[in-house]
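Survey of secondary and tertiary structure
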Amino acid sequence: MNPRAKILALGDRAACGLIAVLVLGSIAAFGGAVWWFRPFLAVAALLLVLVEVARLAAAGRFPLLKSPLTALGLLALGLAAFQLVPLPGAVARRISPAAHEAYGRGVLPDLVRADDPEAALPEAPRIRTPASLDRAATLRWLVGAAACLGIFWSVSHYADRLGRLYLVWGLVVGGFLLNATIAAVQVSNRGDGLYGLFLPGGGPPWAPTLDDLFESPTTTELWELPRATVAATAPDAGPGEGTSAGTAATATRAGAGAFLAPATPPLFGTMMASPGAFLAMGTLAMPLALAIVVHLLTPLGGRDSLADRLMSSGQGSLVLLLVLLMLPAAFVVGLIAGPWYSLPAALGLVVAGLPAAARPGCRGAAGALLLSLLVCLGMGGTLQARWEPLMGGPPPVPAPDPRLARALWSDGLEVARLFPTVGAGLGTFATLQPYFKDGGPSSTTAMSTLVQWSAEAGMAGVALLAAAALWSAWRIPGGLKRVGRGDRSLAHGLIGAALSFTLLAAVHWTVELSAVAISASALGGTWNRWLAGGTDLFVDRG
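Because the structure is a prediction, the values reported are computed rather than measured.

Here we come to the overall build of the chain. Each helix and strand counted, the chain has 22 helices and 3 strands in total. Here the chain, with 542 residues, has 49% of them falling under the buried criterion. Here the contacts in the chain between residues at least 6 apart in sequence split such that 81% fall between residues at least 24 apart. For the chain, the computed accessible surface area is about 24200 Å², with 66% contributed by carbon and sulfur atoms.

Structure follows, in structure tokens:
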């Protein structure tokens, strides 16, 4: 083997290992919401990009995909960098007047006038101010987004054959099915804790802390301290000495004193923010798993029966394993999501499976599997809605609260109204939301990735997102025509996953957890290669 071939082989193995570590590792490492994962993500993503560059250089070609998605991602990173830059006063007042006044006056004038319409506010000094209201949060977002864009670009060039496509999809599907298996056990016996063992703040040093819990997608509430606790924590001082005994007694009678507590459902599986993370991963993984099974069942010539084809190919055990794991996983998704939040996953399954059910070859098997998955998903959602009258108690995992979601959407849209051009700063919603809420809990997300993006990135970010969506929609019909009839189930599975994930992102948080963002970036790389004109990712080249 010559040196060039050795470099290519070594690069293939290194890229395969790094993608597996990033995708499956983020799912296993508490969803990436643990203190040590961010530096690990930055180093691993950088290594993956360097390995892919070296691999392409050794191959003697550096192809440029005919796709604007990577460029749009770079523009999003540029927007975040722009939000960090302190701008001259005159420029800042034009681009983000609300941010300029917040830095100059220390308050948002609209919020002050909402409380007191007659309040007199001093003129904001013309100082240099950035567009982001929390530069540290925007910088953290920029680093994480750069790592995800590196994964996206690397997978776009790496997934140039069917085996590598199966690797990327299999990692996402495997991580989801692992969580579904653990969730089925924990939900059935009402067990709590990640892996059934770890609660934030109560595990070993490498396990999630309470800080990790508060920084992951969650809601928090102020709980009033008991009166005896408040009195005990007050300083022991006499009248006239600092905090007086009279003040302590007043604080005790008034119940003054509170602590911040997470208002989250029970944790299960491997990821923080388990219910929402499991739902987001399910919308990605279930259409892909259905597409893989249908592709393995599709005849590629010959008149052999389905059983003979599976036995001769040696893939019967894989198909059986996927089917046996997918059916209970769909039920658990419905049980956790409830009837309404199950709809995105159901639509994704229909888009992935219905074309195969209408096509000769594996019509009966594809239709039966699609119907079984939809029935299991619907049974789970129905049981969640009817749990209390049937079981006489609350469900083990409550479904997402639509009233809380609507309140958070309203807060996010109000932020978007005040910061219309470039937003309030990417990654800053958790900082801003407590100032806009009208009672109720605080939240680190807007309960909608789309609303949160609009609030944090403004019209500039919405334009980037719209450009990516319009280009993708324009390229799908041509992409389907370029794919052979026997491989179209894989393309339909990719479309189903993209559709269900997008619909969920409109009504629920998704990429705000690192594991979901990394999985979506890896799958986005395969989406990018296909829509750019590549069909080699559906071809088995050994």
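A separate point is the nonpolar core. Counting residues in hydrophobic clusters, the biggest one holds 131 residues, and the most contacted among them are Ile 151, Trp 169, Phe 176, Leu 290 and Trp 530. Looking at which element gives the most residues to this core, the answer is helix H12 (residues 274–297), with 17 residues. Sequence-distant contacts of Leu 290, that is, excluding residues within four places in its chain, are made with Met 326, Leu 349, Ala 352, Gly 353, Leu 369, Leu 370 and Leu 373. Residues Ala 98, Leu 108, Ala 424 and Leu 432 belong to the second largest nonpolar core, which totals 11 residues.

The full count for this structure, using the stated rule, is 11 aromatic pairs. Ring centres 6.0 Å apart and planes at 85° place the aromatic pair Phe 30 and Phe 198 in the edge-to-face group. Residue Phe 30 is located in the loop between helix H1 (3–28) and helix H2 (37–59), and its partner Phe 198 is located in the loop between helix H8 (162–189) and helix H9 (210–215); the two are separated by 168 residues in the primary sequence. Here Phe 30 falls in the buried class, since its relative accessible area comes to 3%. Seen in terms of ring centroids, Trp 527 and Trp 530 are 5.9 Å apart; in terms of plane orientation they differ by 70°. Their pairing is edge-to-face. Of this pair, Trp 527 and Trp 530 both sit in helix H22 (residues 514–531), separated by 3 residues, roughly a single helical turn.

Turning our attention to the side chain of Ser 454. The topology assignment puts Ser 454 in helix H20 (residues 449–482). Here Ser 454 is in contact with Ala 416 and Val 462, once residues within four sequence places are set aside.

Moving on to the environment of Ala 416. Following the sequence through the fold, Ala 416 ends up in helix H18 (residues 402–418). For Ala 416 and Ala 457, which are 41 residues apart along the polypeptide, the C-alpha to C-alpha distance reads 8.4 Å. Ignoring any residue separated from it by four or fewer positions in sequence, one finds Ala 416 in contact with Ser 454 and Ala 455.

Turning to the pattern of salt bridges, a few remarks are in order. A complete count under the given rule lists 9 salt bridges for this structure. Among the salt bridges present, the one from Glu 52 reaches Arg 55, with a minimum N-O distance of 2.6 Å. Of this pair, Glu 52 and Arg 55 both sit in helix H2, 3 residues apart, which is roughly one turn of the helix. Like Arg 55, Glu 52 is buried. Residue Asp 160 pairs with Arg 161 through a salt bridge whose shortest N-O separation is 3.2 Å. Grouping residues by exposure puts Asp 160 and Arg 161 together as buried.

The end-to-end C-alpha separation of H20 is 32 Å, well short of the 50 Å expected for 34 residues at 1.5 Å each. Of all the bends in H20, the largest measures some 125° and sits at Gly 458.

Take a nonpolar patch on the surface next. Residues Val 43, Leu 46, Leu 47 and Leu 50 make up a contiguous nonpolar surface patch of about 370 Å² in total accessible area. Within the secondary structure, Val 43 is located in helix H2.

On to the packing of helix H21 (residues 488–507) against H22, then. Their axes nearest at 11 Å, the elements H21 and H22 cross at an angle of 135°. In terms of orientation, H21 and H22 fall into the oblique class. Where H21 crosses over H22, the handedness of that crossing is left-handed. Contact with H21, carried on its side by Ala 491, Leu 494, Ile 495, Ala 498 and Phe 501, involves Val 516, Ala 520, Leu 523, Thr 526, Trp 527 and Trp 530 of H22 and no other residues of that element. Of the residues contributing to the contact of H21 with H22, the split by class is 10 nonpolar, 1 polar and no charged.

So, about unusual backbone geometry. The residue Tyr 195 is not glycine, and still its phi comes out positive at about 60°. As for its placement among the helices and strands, Tyr 195 is situated in the loop between H8 and H9. At Met 447, a residue that is not glycine, the phi angle is positive and equals roughly 60°. Residue position: Met 447 is located in the loop between strand S3 (442–443) and H20. A residue is classified by how much of its surface remains accessible, and Met 447, at 12% relative accessible area, is buried.

Before going further, it helps to examine helix H14 (residues 316–341). The end-to-end C-alpha distance of H14, which contains 26 residues, comes to just 33 Å, noticeably less than the 38 Å that a straight helix rising 1.5 Å per residue would cover. At Leu 335, H14 shows its strongest bend, of approximately 70°, with the proline Pro 339 following within four residues.

Thresholds, definitions, all that
- Residues numbered from 1 in each chain as written.
- Predicted model: local features only at pLDDT ≥ 70, side-chain atom pairs only at ≥ 80, totals over all residues.
- Heavy atoms only, no water.
- Helix = DSSP H or I, 4+ residues; strand = E, 2+ residues; numbered from the N terminus.
- Buried < 20%, exposed > 50% of the residue type's maximum accessible area, 1.4 Å probe, protein only.
- Contact = heavy atoms within 4.5 Å.
- Areas by Shrake-Rupley, 256 points an atom, 1.4 Å probe, with all protein chains shown as cover.
- Core = buried A, V, L, I, M, F, W, Y, C linked by side-chain atoms within 4.5 Å.
- Phe/Tyr/Trp six-rings, centres within 6.5 Å; stacked < 30°, edge-to-face > 60°.
- Salt bridge = Lys/Arg side-chain N within 4 Å of Asp/Glu carboxyl O.
- Expected span 1.5 Å × (residues − 1).
- Bend = angle between axes of the 7 residues up to and from the residue.
- Patch = residues over 30% accessible without salt bridge, like charges linked within 9 Å, V, L, I, M, F, W, Y side chains within 5 Å.
- Axes fitted to C-alpha atoms, helices over the stretch in contact; angles between N-to-C directions.
- Parallel < 35°, antiparallel > 145°, perpendicular 65-115°, else oblique.
- Left-handed = near helix turned anticlockwise from the far one by under 90°.
- Nonpolar A, V, L, I, M, F, W, Y, C, P; charged D, E, K, R; others polar.

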